[in-house]
Amino acid sequence: MKERGRGHGSGLTRTSSTGSSLSSGGGSARRAERVQVVVRCRPMLVKENAEGRNNCVLVDTVGSTIQVKNLKQPEQEPKLFTFDKTYDATSTQKQLYDDVAHPIVHSVMCGYNGTVLAYGQTASGKTFTMDGLDDPPEMRGIIPQAFEGIFTHIQDSQSSDNFLVRASYLEIHNEEIRDLLATGSQSSSRLELKENVEGNVYVKNLTSITVQSVADISHLLTVGKKSRSVGATLMNQDSSRSHSIFTITVEASARSSSAETDGSMHIRVGKLNLVDLAGSERLNKTGATGDRFRELTNINWSLSALGNVISALVDDKSSHVPYRDSKLTRLLQDSLGGNTRTVMIANIGPADYNYDESVSTLRYANRAKSIKNKPRINEDPKDAILREFQEEIARLRAQLQASSPVLDERTPNKIDPSSPSAVDLELHMQQLRAKMQEDMEHQVFLHKSMSDQAMACIKADFEQKTQSEMQALKAEKERSDEEKQRIAQQLQQQHVELQSHYQALAREKEDRDVLAAKLRALEEKLVHGTNNDNEKLLEKAKQKEVELALREQQLQEKENMDEERQRKIAELEEAQLMAEEKCNTMEEEVEMKTRKLRKLMARYQQSKNDINALRTELQDTIHEFQRERADMFLSLRSLDQQLQLKNFLIDKFISPEDLTKVMRRVHWDEENEIWNLVQNAPVRSLPYNGPTRVSIDGFTKQPLLRPNSAIGRSRPPLRQPEQTLSQSERDRYFGQPLESATSCLKSRSNTSSVHVHSPRKGAGRSKAIDEGKIGCRVDNILKKDQDVSEGRNHFEFGDNSQLSSSKVDIEHALREFRVDNKPSFTWDREPQQVTPAAAGARPKSARTKQHNPRPRTAR
Ligand SMILES: Nc1ncnc2c1ncn2[C@@H]1O[C@H](COP(=O)(O)OP(=O)(O)OP(=O)(O)O)[C@@H](O)[C@H]1O
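Residues numbered from 1 in each chain as written. Predicted model: local features only at pLDDT ≥ 70, side-chain atom pairs only at ≥ 80, totals over all residues. Heavy atoms only, no water.

**Q** I would appreciate a short explanation of the overall build of the chain in the present structure.
**A** Across its full length, the chain carries 22 helices and 28 strands. Counting all 859 residues of the chain, 42% fall into the buried class. Counting contacts in the chain only where the partners sit at least 6 residues apart, residues at least 24 apart contribute 73% of the total. Of the roughly 46,700 Å² of accessible surface on the chain, 53% is carried by carbon and sulfur atoms. (Helix = DSSP H or I, 4+ residues; strand = E, 2+ residues; numbered from the N terminus. Buried < 20%, exposed > 50% of the residue type's maximum accessible area, 1.4 Å probe, protein only. Contact = heavy atoms within 4.5 Å. Areas by Shrake-Rupley, 256 points an atom, 1.4 Å probe, with all protein chains shown as cover.)

Put into structure tokens, the structure is as follows:
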């Protein structure tokens, strides 16, 4: 795990996953359980009501069935489907959450992986079900309600339990994975899928942010939603053009409390995937063009890959599950047939004009019902981040304790209290002086009353005494001066010691502050339970477990009862038949046989009905298949046209030598599924004998064909651009000035116009194929806008640094071309003057800009 800075508000922490797998580690084994499938039918939209659409869906919420009637063929029986639960237009967001998502959220808090996946046609209510509306609160969808569910669970847990909650948000748009929480330049970069040693798929460098509250995680959802690819379609004003996955990872550490366990701390890691798939749409129904066309092709492709995975999972004979067919199926690998509790919510609309799509959605969902997963608790996985955090917190705490201040021990030696201080000595001398003064005054008083002799005696005595005292005092003073000096030295030394001690203390305090801040930051990332009432908690946990067990039991019982009922009916019928067979009388026999016959007739009728139902189903499937085939054909045709355009451009503007050079350097990047130009690559030996056309997939050679001319005009020579290019040492793609290409084009334009066959005409296409124009590919043309109604094709080019100068050449040339349904391309003699027809054939932006990068997806 790699820290990438702080996020919003109260301590969100960004991390990037580098392969953490949640399903690793020991886990308690569980029996296989079915993917739960529920269906929600939204109410009629205002637009649909205004258009006078009829309702063709009948939802039975009690019997969990749903019937769809084809109002165009009233004689046809309605199609009946049974699911785990069905919800009609009156269903509330809370009802959906409580029934469908709450059990999954609860499982995630216990260490299971869980997935809630919304599937359905465009505008069927997937985003409404998953995200809902912010206001009023009861309109919030499953995702915001799950946030509350998770943090309420944490609050209700014991205060000794620690939780680490992380969130990530990604979208798959046009088969590219984008990080919806990334900031700056990273937000537009596409991410790679990786697989770790345990075979778990993860997204490399996906931002994962630690959150501490509902507000934190809701903020992430809001931020991510702003970056999501959304666009208006004929059917939905705010249609999601990508599949989105909001993932919440909850790591919980709790002491095991059961009698069998040792009471040690365990970490459980649950991962909740909240998936809002992009809506399926028929290509011919939406009239999508340009970017929308490309998006739709990708959406339908990945949804059909998901359908194939579902089919393979429920088909006992199938030994291979094609998870690798799309990014979506790879990311959902664990949710479909893996270690995850999964609920699929199939959304449909009630309007009759969506009959086909609704039936198709219900069929898709019906198949998913049979998928079996094997969820298990992810206990003590090796790579749990919570464990790392807890170990780090313990280490920091120990470090902090060890470094607590020990001021007393380290205080420098105190001054010896027995040694007389200089102050005391001064005081002592002053007292002595005062005493001497007093003595002298006393002597003067005595002197007045004594004889001279006595006086002389006393004086001599006094002087002697004074002298000796003075000497003693002097000696004392000398000692005191020495002492003073010693004390001063001692004081200075102590001062130095104190200084260094204070410095050490300051350093220590800084270290402690850093440690404390680190500890605080780590502790802040964890969320704790707040409940200390153990008995209440245990009771609550038990109650929840009982509820969960009850739910499971009810489900199991329902399944068992169905089986039992079927078995009993068969047994009774058998017994009745046996008893009846024993009847002796003719009458009884006749009666019995009549009954038998009736029964057989009933069975026959039933079988007939079944066969009819199967026949209808087969017809529906064929119908559906044909529709899909038509869609596929449309996309194929579009791709074919693009291919022909690229071939045409290669033929006209890239010399065979250049092409050979490029072919020697191109390399297919398996991982990213793109072609790259490898610079300084060892040159592959490729025999080249004169003008050659090369196809990417085999370096086949064909004689170079000069371009055809328009009727009545001479054919343009290829020699001049060839010469220009052959004189150049370097690849034309790296640095050949634009002017040379332009002049080359101009000189070619002086000769004549170029005539090629329109790719739309069958004869033209086959001729192009005959002439070997198909077979080359350059992937620098990024957009083709097909305006079918006007019968024109627009071509635009995007940024591709590796082929930039070649792209500019081609773009420049295209500015002078018009491509339309007529069986020829017209190339004006004067390239700067675009004919009115050509002007109509190109979007304005493409004509006015020299370099026209691919327009960004609308968000
Ligand atoms: N249960 C519902 N109750 C009321 N309105 C709903 C319900 N479900 C969907 N809608 C409305 O239907 C419209 C389309 O819904 P939504 O955008 O959720 O569809 P979608 O399936 O996500 O479409 P797309 O795949 O194009 O993104 C929205 O205006 C939404 O408010």
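**Q** Can you help me understand the site of the ligand in this one?
**A** Around the ligand sit 16 residues, and of these Thr 122, Lys 126, Thr 127, Ser 239 and Ser 240 come closest. Between the ligand and Phe 128, the relevant distance is 2.8 Å, taken from an oxygen atom to a main-chain nitrogen or oxygen of the residue. At 2.5 Å from an oxygen atom of the ligand is found a side-chain nitrogen or oxygen belonging to Ser 239. Protein chains shield 80% of the accessible area of the ligand, which is 630 Å² for the free molecule. Looking at the shell around the ligand, the elements with two or more residues in it are α3 (126–130) and β17 (239–240). Of all the elements, α3 adds the most residues to the shell around the ligand, at three residues. Counted by class, the shell around the ligand contains four nonpolar, nine polar and three charged residues. (Near = heavy atom within 4 Å. Polar contact = N/O pair within 3.5 Å; in protein donor to acceptor, adjacent residues only side chain to side chain. Nonpolar A, V, L, I, M, F, W, Y, C, P; charged D, E, K, R; others polar.)

**Q** Where do I start with the packing of helix α7 (residues 290–314) against helix α9 (residues 355–368) in this structure?
**A** For any two helices packed against each other, the geometry is given by the interaxial angle and the distance between the axes. The geometry of α7 relative to α9 is characterised by a closest axis approach of 9 Å and an angle of 40 degrees between their N-to-C directions. In terms of axis orientation, α7 runs oblique to α9. Crossing handedness for the pair α7 and α9: left-handed. Side by side, α7 and α9 meet where Leu 303, Leu 306, Gly 307, Ile 310, Ser 311 and Val 314 of the first sit next to Tyr 364, Arg 367 and Ala 368 of the second. (Axes fitted to C-alpha atoms, helices over the stretch in contact; angles between N-to-C directions. Parallel < 35°, antiparallel > 145°, perpendicular 65-115°, else oblique. Left-handed = near helix turned anticlockwise from the far one by under 90°.)

**Q** Would you mind going over helix α13 (residues 452–525) with me for this structure?
**A** Along an α-helix, residues three or four positions apart point the same way, because every turn accommodates 3.6 residues. Along its 74 residues, α13 runs 102 Å from first to last C-alpha, staying within 8% of the 110 Å computed at 1.5 Å per residue. Where α13 is concerned, the buried positions are Met 455, Thr 466, Leu 473, Ser 480, Glu 483, Ile 487, Gln 494, His 501, Leu 515, Leu 519, Leu 522 and Lys 525. (Expected span 1.5 Å × (residues − 1).)

**Q** Where do I start with the sheet that holds strand β5 (residues 57–60) in this structure?
**A** Remark on secondary structure: sheet strands pair via backbone hydrogen bonds, oriented parallel or antiparallel. The three strands lie next to each other as β5-β6-β7, forming an open sheet whose pairing is antiparallel. In the strand order of this sheet, the two ends are held by β5 and β7 (79–82), each with one partner. Adjacent strand axes in the sheet meet at a mean angle of 15 degrees when their direction is disregarded. In this structure, β5 lies alongside strand β6 (residues 65–68), joined through four bridges in antiparallel fashion. Directly across from Asp 60, in β6, lies its bridge partner Thr 65. Where α9 meets the sheet, it contacts β6 and β7, and its direction lies at approximately 35 degrees from that of β7. (Pairing = 2+ DSSP bridges.)

**Q** Honestly, a nonpolar patch on the surface in this entry has me stumped. Any pointers?
**A** On the surface, Leu 597, Leu 600, Met 601 and Tyr 604 cluster together into a nonpolar patch covering about 440 Å² of accessible area. Of note, Leu 597 is situated in helix α15 (residues 586–653). (Patch = residues over 30% accessible without salt bridge, like charges linked within 9 Å, V, L, I, M, F, W, Y side chains within 5 Å. Salt bridge = Lys/Arg side-chain N within 4 Å of Asp/Glu carboxyl O.)

**Q** How should the pairing of strand β4 (residues 36–41) be read in this particular structure?
**A** One face of the sheet, then the other: side chains in a regular strand alternate in exactly this way. Burial analysis of β4 places five of its six residues in the buried class, the great majority of the element. Of the pairings in the sheet, the one linking β4 to strand β20 (residues 341–348) comprises six bridges and is parallel in character. Residue pairing in the sheet places Arg 40 in a bridge with Asn 347 of β20. With three bridges joining them, β4 and strand β8 (residues 85–87) adopt parallel strand pairing. When the bridges of β8 are listed, Val 38 appears paired with Lys 85.

**Q** Whenever I open this one, the pattern of salt bridges confuses me. Can you help?
**A** Applying the stated criterion across every chain, the model contains 24 salt bridges. Linking Lys 94 and Asp 98 is a salt bridge whose minimum nitrogen-to-oxygen distance equals 2.6 Å. Note that Lys 94 and Asp 98 are positioned in helix α2 (residues 93–109) at a spacing of four residues, about one turn of the helix. Take Asp 98: its relative accessible area is 28%, and that puts it in the partly exposed class.

**Q** Would you mind showing me how to read the nonpolar core here?
**A** If you look at the biggest cluster of nonpolar residues, it comprises 43 residues, and the most contacted ones within it are Ile 66 and Met 344. Residue contributions to this core peak at six residues, all from α9. Once residues lying within four places of it in the same chain are set aside, the contact partners of Met 344 are Gln 36, Val 37, Val 38, Leu 117, Tyr 119, Ile 310, Tyr 364, Ala 365 and Ala 368. With 40 residues, the next largest nonpolar core counts Val 105, Met 109, Ile 217 and Leu 221 among its residues. (Core = buried A, V, L, I, M, F, W, Y, C linked by side-chain atoms within 4.5 Å.)

**Q** What is the right way to look at the environment of Gln 186 in this model?
**A** Here Gln 186 is to be found in the loop between β11 (176–179) and β12 (190–191). Between the C-alpha atom of Gln 186 and that of Thr 207, which follows or precedes it by 21 residues, the distance is 9.7 Å.

**Q** Explain the packing of α2 against helix α4 (residues 142–156) here, please?
**A** At their nearest, the axes of α2 and α4 sit 9 Å apart, and the two run at 45 degrees to each other. What the angle tells us is that α2 and α4 run oblique. The hand of the α2/α4 crossing is right-handed. Of α4, the residues touching α2 (which contributes Gln 93, Lys 94, Tyr 97, Ala 101, Val 105, His 106 and Met 109) are Ile 142, Gln 145, Ala 146, Gly 149, Ile 150, His 153 and Ile 154. Within the contact of α2 with α4, the residues separate by chemical class into eight nonpolar, five polar and one charged.

**Q** Please explain the side chain of Asp 276 as it appears in this structure.
**A** Within the element layout of this structure, Asp 276 appears in strand β19 (residues 265–276). Only 2.9 Å separates the side chain of Asp 276 from the side chain of Thr 127, close enough to count as a polar contact. Not counting chain neighbours up to four residues away, the residues in contact with Asp 276 comprise Ala 118, Lys 126, Thr 127, Met 130, Arg 228, Ser 240, Ser 242, His 243 and Ser 244.

**Q** Can you walk me through the UniProt feature "binding site: ATP" (unreviewed entry) in the chain in this structure?
**A** Feature annotation in UniProt places "binding site: ATP" (unreviewed entry) on Gly 120, Gln 121, Thr 122, Ala 123, Ser 124, Gly 125, Lys 126 and Thr 127, given in this structure's numbering. Positionally, Ala 123 belongs in the loop between β9 (114–120) and α3. Secondary-structure assignment places Ser 124 in the loop between β9 and α3. When neighbours within four sequence positions are excluded, Ser 124 is seen to be in contact with Arg 42, Asn 347, Ile 348 and Gly 349. (UniProt positions renumbered as here; feature names shortened; annotations may be inferred.)

**Q** So what exactly am I meant to see when it comes to the confidence of the model for the chain here?
**A** The predicted coordinates should not be examined in detail at positions where pLDDT is low. In this model, the chain carries an average pLDDT of 73, and 67% of its residues clear a pLDDT of 70 or more. Mean pLDDT values over the elements of the chain span from 34, in strand β28 (residues 826–827), up to 96, in β4. Note that residues 15–29 has pLDDT below 50 and, in this model, 55 contacts with residues that lie over four places away or in other chains. Segment residues 728–807 is flagged for pLDDT under 50; beyond a separation of four residues in sequence, or across chains, it makes 235 contacts in the model. Complex prediction metrics read pTM 0.59 and ipTM 0.98. (pLDDT = per-residue confidence, 0-100.)

**Q** Just to check I follow, could you spell out unusual backbone geometry for this structure?
**A** With the exception of glycine, the majority of residues adopt a negative phi angle, and the majority of peptide bonds are in the trans configuration. A cis geometry characterises the amide bond from Asp 135 onward to Pro 136, with omega recorded as -5 degrees. Position of Pro 136 among the secondary structure elements: in the loop between α3 and α4. Its identity is not glycine, yet Asn 174 carries a phi of approximately 50 degrees, on the positive side. The buried category is assigned to Asn 174, whose relative accessible area is 14%.

**Q** How do you make sense of the packing of aromatic side chains when you look at a structure like this?
**A** For any pair of aromatic rings, geometry is given as the distance between the ring centres together with the angle between the planes. According to the stated counting rule, one finds five aromatic pairs in the structure shown. Ring geometry for Tyr 119 versus Tyr 364: centroids 4.0 Å apart, planes at 10 degrees, classification stacked. Placement of the pair is Tyr 119 in strand β9 and Tyr 364 in helix α9, with a sequence separation of 245 residues. Taken individually, Tyr 119 and Tyr 364 each receive the classification buried, so the pair is uniform in this respect. Through successive ring pairs, a cluster of aromatic residues spans Phe 147, Tyr 169 and Phe 246. Across the ring face of Tyr 353, the terminal group of Arg 53 is positioned such that the distance to the ring centre comes to 4.1 Å. We note Lys 369 situated over the ring of Phe 83; from NZ or CZ to the ring centre the distance is 5.4 Å. (Phe/Tyr/Trp six-rings, centres within 6.5 Å; stacked < 30°, edge-to-face > 60°. Lys NZ or Arg CZ within 6 Å of the ring centre and 35° of its normal.)

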